[in-house]
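# Structural overview
Below, each chain spelled out in residue letters.
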Amino acid sequence: MRIVRRYKNRKLYDSAESRYITLGELFDLVREGEDVKVIDSSRKDVTATTLFMAVLERGKESDSAALTAKVVLNIIKHGDGTLAGFIKHTIQKGA
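These remarks concern the structure in this document.

What counts, and where the lines are drawn
Residues numbered from 1 in each chain as written. Predicted model: local features only at pLDDT ≥ 70, side-chain atom pairs only at ≥ 80, totals over all residues. Heavy atoms only, no water. Pairing = 2+ DSSP bridges. Helix = DSSP H or I, 4+ residues; strand = E, 2+ residues; numbered from the N terminus. Axes fitted to C-alpha atoms, helices over the stretch in contact; angles between N-to-C directions. Contact = heavy atoms within 4.5 Å. Buried < 20%, exposed > 50% of the residue type's maximum accessible area, 1.4 Å probe, protein only. Core = buried A, V, L, I, M, F, W, Y, C linked by side-chain atoms within 4.5 Å. Phe/Tyr/Trp six-rings, centres within 6.5 Å; stacked < 30°, edge-to-face > 60°. Lys NZ or Arg CZ within 6 Å of the ring centre and 35° of its normal.

## As for the sheet that holds strand β4 (residues 36-40)
Pairing is mixed across the open sheet formed by four strands, whose spatial order is β3-β2-β1-β4. Every other strand in the sheet has two partners, leaving β3 (19-21) and β4 as the edge strands with one partner each. Each strand of the sheet is rotated relative to its neighbour by a mean of 35°, with strand direction disregarded. Relative to strand β2 (residues 12-14), strand β1 (residues 2-6) is paired through three bridges, and the arrangement is antiparallel. In the sheet register, V4 faces β2, and the bridge partner there is D14. Packed onto the sheet, helix α1 (residues 23-31) meets β1, β2, β3 and β4 and runs at close to 90° relative to β3.

## With respect to the pairing of β4
For a regular strand, side chains alternate in direction, first toward one face of the sheet and then toward the other. Of all the five residues making up β4, four are buried; the element is thus mostly covered by neighbouring parts of the structure. Pairing of β1 with β4, which is carried by five bridges, proceeds in the parallel orientation. What sits directly across from R2, in β4, is V36.

## Details of the nonpolar core
Counting residues in hydrophobic clusters, the biggest one holds eight residues: V4, L12, I21, L26, L29, V36, V38 and V46. At the level of elements, α1 and β4 are the ones that each hand at least two residues to this core. When neighbours within four sequence positions are excluded, L26 is seen to be in contact with V4, L12, I21, V36, V38, T50 and L51.

## Observations regarding the packing of aromatic side chains
All told, the structure shown has two aromatic pairs when counted by the stated rule. Aromatic side chains Y13 and Y20 sit 5.3 Å apart centroid to centroid with 75° between the ring planes, which places their arrangement in the edge-to-face category. Judged by relative accessible area, Y13 falls into the partly exposed class, the value being 23%. Connected via pairs of aromatic rings, a cluster forms that spans Y7, Y13 and Y20. Against the face of Y20 rests K11, its NZ or CZ located 5.2 Å from the ring centre.

## Considerations on the pairing of β1
Burial along β1 is one-sided: the face carrying R2, V4 and R6 is buried and the face carrying I3 and R5 is not. Between β1 and β2, which follow one another and run antiparallel, lie five residues, and R10 among them has a positive phi close to 70°.

## Structural notes on α1
All of the buried residues along α1 are G24, L26, F27 and L29. Count one or two residues on from α1 and you reach G33, which has phi positive near 100°.

Structural measurements only, silent on function.
Structure (structure tokens):
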């Protein structure tokens, strides 16, 4: 498990490589099969939030940015405003 620290200024520090990384580099690590855990300065696990930010950042770089915005809007509109709530709402709607 690769540990990445997220500081208050939102910088990401990869402990394995002893260097700062970008959200895009974090995205690439996960795409390459790396298991990561992101912790903040209080040692709170902020992996899900940070990875979601990485997905949004990657969406801005590609032609699928509109799709990303649509997905985020649906997450906010349905469920309880969280990704888990959106998935639960979608599953219940389909059942």
